[in-house]
Amino acid sequence: MTQFIGMDRRQFLAALSAFGIAGAGAGRDAWAQGREPVKLGLTQPLTGSQAGFGADFVTAMRMAQKDINDQGGINGRPLELVVIDTQAQPQLGINAVTRLATVDKAGVFITAWSAVVKAQAPVANREKILQLSVGANSPDIARLGDYVYTLFPLADVDITALAKYTYGTLGKKKAAVLYINNDTGIDAAKIYRAVFEKEGGQIALFEAYDPAATEFTGMLLKLRAANPDVVHIHGLLVDVPLVVAQMRQLGLRQQITSYSAAYNPKMLEQLGAAMEGFIVTSLAPGADENPNVQPHIDRWIKEVGRVPNGLPFIQYNYDAVLICARIFKHALDNNKPLTGENLRDSLLAIKEFNTPLTGKTVIEGHRVNKPVYLVTVKDGKFTPLAKLD
Amino acid sequence: MLTDPALLLQVLWTGTVTASSYVLLTVGFSLTQKVTGLWNFAQAGFMGIAFYAMYFALNHLGLPLLLAFPFACACTIIAALVTEAWGLNVLRARHSSHLTFFIFTLIVAEFIIYWLTLLFGTEPQTLFKSIMSPVHIVWEIAITDWDLVAIGMTAVFVAALAGFLRWTKDGQFLVAVADNAKLAELYGISARRAYYVTAVIAALFITGAMYLVGTRGGITPNKPLELILNAVIATLLGGMGRVFMGALASVVLALIQSYSVLIMSSRWQNLLLYGFLFVAIVIFPRGIHFPKWRKRPVVPAAVPPGG
Amino acid sequence: MEYFLTIIVMIAIFIILAASYNLVIGYGGLATVAHPIFYALGAYTSALLAIHQGWHPIICVLAGVLVAGVASILLALSALRVSGDYLLISSLGFQLGLLQVIRNFEFTGGAGGLSGIPSTIIGAARTPMFLVICGGLAILTVMFIAWIVRGPYGRAITAMRDEELAFSTLGRNAMSMKVAIFALGCGIAGMAGGLYAYYFQYVSPDQFDILQTVAILTMVVVGGMGTTIGPVIGAVILIAVPQAITFLNLPPNVMAPLQGIIFTTLVLVVMFLRPTGLVGGRSLTSSH
């Protein structure tokens, strides 16, 4: 990774207090005093095919929890994370949020995976528990109801920027879009096509593949016949490496782009030289742009033994916990009980958050807008390429 | 595009080669069905064991492939034999119905899959770190080293089985038991032994298949359940009791899926498979076969009255 | 409290599913595994009508029942000509194939599922009211099925199941009886689907795949096939036990596989120690 720049951990924690959540000098004894904890729900896939990301998200959030509690918690009260496994499945997501709302009585929870977020929304709206989506990117999420907000930019943000960059800056006029035939792929692929065509480009091939498919020769030969300048692949951890490997093995040398899920060290391992020149979007600043990122990566290496899966998502999840802590504090300072309704009001009242790992977060409606970072693979490593506002 | 011979040949090559793992799985599944009469869904669990045993041996024990593969074979064989001895035999003794066997084998598969999830997690894993394989261009067709291994392995395994069934005593006993277990017993052939031998053969084929699948892409504990579906469909289309036709059916199915992509969107690939299955079942309930060309019987000429 | 009531609503819905499935395989002797697809058809039909047409919930659910019933007749007429293994596998193919269709059409929400099913009951009384409705329908279903199988029609079904050949020689039409039972069982499953759609306000194809088949089948077999109360017991145990396990406060990342292990072990134990099911129903032996 790039050079160490910026703060060490002590300075970082000081910045955290400046962020405004440290208790009034209560210190580490907050726990020992037995103050009632403040509950934050997390519904993430801890098992199932997405667990690689989900488990890491939870780890990042636990790091944030530790940092908050080390500073004295929230107004002296420790932050408690109630974690429930969703396996990235909608039905389990529904069970999880019902339980958080009615058994654990949490006023807010952080969730991810578009299908799960959509399934949970009716329950969140009904039970009046604040639902914060971090990581899911279906554009529908901004329209799921009064109690559903996303702290992560939706697909229209990064895919739009990528499509424009591909046409305008990279100068590619003819694109092919290959996407996984599910929630993740369909919405995003449509956005890419719409934006690319609007810019003046031509879509040579627009093809969905089955999530369970492992053999893409037919589709890739169609691609070869269509002869695009660039190929955008919108898929997940298992299929994207297969598509890329088979593409390169068939002798197709086009530029490939993808979105944040491909920003994954494991994929680099699997594909090796085949991934050279790959471009992925990232919605979070890299270590070059933000001095807080490298210490966080170092912390992962020290505490977990490796870099995280999906670094940009990790950054958002860490910051999301801080945002929650901030709204908890706001409600407590105003002597309001920590219900979903009050927490939502606090979220909207504060509106702007100086989140350390992702830069400023501004709530606009039910969503956030952020700059898009492009990262490329150079000499076997992910390297920053551009920042698009 | 559809008339480009290089393209059509490429699809033919890659389609056939990637069908190789399905051929191995189908043979294992179909042979089991032939000899025991059972649709043994527990094989999905055995697939998981084969893969993760190899994965563990290669990546955690640091063994070379020459040791890891037999290690995985051994683990799979043990699992298959245990299921046979303590599960299926008991159910047979009770004259259990098809449904019971169905539930039992499926539950065993799930049981194994949950254990594998607990032990290995659910992140997709490959046997080796890289999935890339060196490519050679032969007559405009891209052929990878993996392709050659796959074809070679499948050919050897299938030929070995054919030889086994034809020329060894145990092989012939398998066929006898498949035809009529009770009758075979009367001739002193042990059905039980035949079931065990079948389990071992299936385990070997499964391990071979999982080596191929696992060196090509990421595997999760749930993947075998998807894979076994292909084996089921191919077995059905090949015809019950016709193991090598089942193997052919898997290749044909894979080719149909691959070629279909040229004329329609890829996302319909799977649907095509099921549609095919359903139609085939309704029209060819005994598996697809062509009417045998019958030689006209030689009928002696009628003797005219009077000589 | 709400959480537990939700669990009971799930149990009620699964009682309806298990009881109707028991009618088909336990009493009817038809070894199909496509039950969840009729559940799905009922759920999707009700959901789509509610979203696009805004009809009254009762009408939507009844439409779901109708669609499930008609689809089952179509499957039955083609697949019931064959039997045994073939019915098993062809029904599996039908189920998975139809799920693929659902996954591929935007109209049904595709793979991401169908959300935005309108609310019917709003406010604190929602879950208790749903509990009353689903619970009531579950009880009615069980009683209805019990009434059918105890009457003269029931005797005819049993005769057909146990000795089809003799049954036919007596001039009874086995085929039409099979289709009738199948349609009845699957129609009831469609009703369960409608209830599910209205309660959870979200349906997705993943909820109706082969694991669901195994779940319902297990409820019937573990409870006791061919008995009235067996499916009820099966549904209660097989939903309550995994939920109870989640309260054991195990580390979250082992919870799901551990739940699965406990659940499958339980089923295997029951299958081997009490093959006729917990309530002791018809023995699962081959009839022929």
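Coordinates for the structure precede this section.
Bear in mind that the values here come from a model prediction, so they are computed numbers and not experimental data. Numbers given for residues are sequential positions, taken from 1 along each chain in its written order. Going through the entries in the order they are written, you letter the chains from A and number the ligands from 1. A pLDDT threshold of at least 70 governs which residues receive local features in this predicted model, and a stricter bar of 80 or more applies before side-chain atom pairs are shown or counted, although totals over entire chains, interfaces and linings include all residues. Neither water nor hydrogens contribute to the side-chain values; these are computed over all heavy atoms in the structure.

Novice: Whenever I open this one, the overall build of chain B confuses me. Can you help?
Specialist: Helix and strand definitions here come from DSSP, where helices need a minimum of 4 consecutive H or I residues and strands a minimum of 2 consecutive E residues; each element is numbered from the N-terminal end. A tally of regular secondary structure across chain B gives 11 helices and two strands. Across chain B, helices and strands are ordered from the amino to the carboxyl terminus as α-α-α-α-β-β-α-α-α-α-α-α-α. By its C-alpha atoms, chain B is 90 × 55 × 35 Å across when sized along the principal axes. A 1.4 Å probe rolled over the protein chains alone gives each residue an accessible area, and that area as a share of the maximum for its type sets the label: buried under 20%, exposed over 50%, partly exposed in between. Residues counted as buried form 55% of the 307 residues belonging to chain B. Residues are treated as being in contact if the distance between any of their heavy atoms lies within 4.5 Å. Sequence separation of at least 24 residues holds for 75% of the intrachain contacts in chain B that already meet a minimum separation of 6. Only carbon and sulfur atoms are counted for the fraction: they give 69% of the accessible area of chain B, which is about 13,800 Å². Accessibility throughout is a Shrake-Rupley quantity obtained with a 1.4 Å probe, and a residue counts as covered only by protein chains that appear here.

Novice: Where do I start with the sheet that holds strand 11 (residues 352-355) of chain A in this structure?
Specialist: Residues and elements named next belong to chain A. Two strands qualify as a pair provided that DSSP identifies no fewer than 2 bridges between them. If you trace the three strands from one edge of the open sheet to the other, you get 11-12-13, paired in antiparallel fashion. The outermost strands of the open sheet, each flanked by one partner alone, are strand 11 and strand 13 (367-368). Of the strand pairs in this sheet, strand 11 and strand 12 (residues 359-364) are connected by four bridges, and their pairing is antiparallel. Along strand 12, the bridge assignment pairs Thr355 with Gly359.

Novice: Just checking my understanding: could you explain the pattern of salt bridges for this structure?
Specialist: Pairs can form between side chains of opposite charge once their charged atoms are near each other. All names here are of chain A. By definition here, a salt bridge exists when the distance from a side-chain nitrogen of Lys or Arg to a carboxyl oxygen of Asp or Glu is within 4 Å. Per the counting criterion, the structure on display carries 14 salt bridges over all chains. One salt bridge in this structure joins Asp333 and Lys329, with 3.3 Å as the shortest N-O distance. Note that Asp333 and Lys329 are positioned in helix 12 (residues 311-333) at a spacing of four residues, about one turn of the helix. Taking the relative accessible area as the measure of exposure, Lys329 reaches 18% and is therefore buried.

Novice: Please explain the packing of aromatic side chains as it appears in this structure.
Specialist: The description of an aromatic ring pair uses the distance of the two centres, along with the angle that the planes make with each other. Pairing of aromatic side chains here covers Phe, Tyr and the six-membered ring of Trp, requires ring centres within 6.5 Å, and sorts the geometry by plane angle: under 30 degrees stacked, over 60 edge-to-face, intermediate tilted. Counted by the stated rule, this structure contains 34 aromatic pairs over all chains. Taking 5.9 Å as the distance between ring centres and 35° as the angle between the ring planes, the aromatic pair formed by A:Phe57 and A:Phe313 counts as tilted. One end of the pair, A:Phe57, is in helix 3 (residues 51-70); the other, A:Phe313, is in helix 12, and 256 residues separate them in sequence. We classify A:Phe57 as buried; its relative accessible area is 3%. Judged by its relative accessible area of 8%, A:Phe313 is buried. Residues B:Tyr52 and B:Phe120 carry aromatic rings whose centres are separated by 4.7 Å and whose planes lie at 25° to one another, so their mutual orientation is stacked. Residue B:Tyr52 is located in helix 2 (residues 42-59), and its partner B:Phe120 is located in helix 4 (residues 98-120); the two are separated by 68 residues in the primary sequence. Look at B:Phe120 and you get partly exposed, because its relative accessible area is 23%.

Novice: Help me out: how do you make sense of the interface of chain B and chain C in this one?
Specialist: Many analyses report the size of an interface as the accessible area lost when the parts associate. In this assembly, 42 residues from chain B lie in contact with 44 residues from chain C. Applying the counting rule to chain B against chain C returns zero salt bridges. A 3.5 Å cut-off defines polar contacts: any pair of N or O atoms within that distance qualifies, except that in protein one atom must be a possible hydrogen donor and the other a possible acceptor, and neighbouring residues in sequence count only when both atoms are side-chain atoms. At the surface where chain B touches chain C, the tally comes to two residue pairs in polar contact (both at pLDDT 80 or more). Counting only elements with at least two residues in the side of chain B that touches chain C, the list comes to helix 3 (65-93), helix 4, helix 9 (223-238) and helix 11 (269-283) of chain B. With 15 residues, the top contributor of residues to the side of chain B that touches chain C is helix 4 of chain B. Classifying every residue of the side of chain B that touches chain C by side-chain character gives 28 nonpolar, 10 polar and four charged. For this scheme, ten residues count as nonpolar: Ala, Val, Leu, Ile, Met, Phe, Trp, Tyr, Cys and Pro. Four count as charged, namely Asp, Glu, Lys and Arg, and the remainder, Gly too, count as polar.

Novice: When you look at the interface of chain A and chain B in this model, what are you seeing that I'm missing?
Specialist: Taken together, the 35 residues of chain A in the interface contact 35 residues of chain B. Once two parts are joined, some of their accessible surface, as seen by a 1.4 Å probe, is lost; buried area is that loss totalled over both. Of all residues in chain A, A:Glu215, A:Gln249 and A:Gln270 give up the largest surface area on contact with chain B, accounting jointly for 22% of the area buried on that side. Connecting chain A to chain B are zero salt bridges. Remark: the boundary between chain A and chain B carries nine residue pairs in polar contact (both at pLDDT 80 or more). Of all the secondary-structure elements, those providing two or more residues to the side of chain A that touches chain B are helix 3, strand 7 (202-209), helix 8 (217-226), helix 9 (239-249) and helix 10 (265-271) of chain A.

Novice: Would you take a moment to explain the state of the cysteines for this structure?
Specialist: Put plainly, two cysteines are in a disulfide when a covalent bond ties their sulfur atoms together. Only a pair of cysteine sulfur atoms within 2.5 Å qualifies as a disulfide here. Scanning the entire structure with this criterion turns up zero disulfides over all chains. Here B:Cys73 is not cross-linked by a disulfide; its sulfur's nearest cysteine counterpart is in B:Cys75, at 9.4 Å. Judged by its relative accessible area of 9%, B:Cys73 is buried. With no disulfide of its own, C:Cys186 has C:Cys134 as its nearest cysteine by sulfur position, at a separation of 20 Å. On the basis of relative accessibility, which here comes to 0%, the residue C:Cys186 falls in the buried class.

Novice: How should the sheet that holds strand 1 (residues 38-44) of chain A be read in this particular structure?
Specialist: Within a sheet, neighbouring strands are paired by backbone hydrogen bonds and run either parallel or antiparallel to one another. Residues and elements named next belong to chain A. A sheet is described by the order of its strands in space; here five strands give the open sequence 2-1-3-4-5, paired in parallel fashion. A strand with exactly one partner marks an edge of an open sheet, and here the two such strands are strand 2 (79-85) and strand 5 (148-150). On average, each strand axis in the sheet is tilted by 25° relative to the strand beside it, whichever way the strands run. Only the stretch in contact is used when a helix axis is fitted, and all axes are lines through C-alpha atoms; the angle between N-to-C directions ranges over 0 to 180 degrees.

Novice: How should helix 8 of chain A be read in this particular structure?
Specialist: An α-helical turn contains 3.6 residues, so a residue and the one three or four places further along point in the same direction. Within helix 8 of chain A, eight of the 10 residues are buried, leaving the element largely enclosed by the surrounding structure. Here helix 8 of chain A has its buried residues at A:Thr217, A:Gly218, A:Met219, A:Leu220, A:Leu221, A:Lys222, A:Leu223 and A:Ala226. Lining the buried residues of helix 8 of chain A we find strand 6 (174-180), strand 7, strand 8 (230-234) and helix 9 of chain A together with helix 1 (5-36) and helix 10 (243-263) of chain B.

Novice: Before we go on, may I ask you to explain the pairing of strand 12 of chain A in this structure?
Specialist: Residue and element names in this part refer to chain A. Linking two consecutive strands that pair antiparallel, namely strand 11 and strand 12, is a turn of three residues. In this sheet, strand 13 lies alongside strand 12 in antiparallel orientation, the contact comprising two bridges. Among the inter-strand pairings, Ile363 is bridged to a residue of strand 13, identified as Val368.

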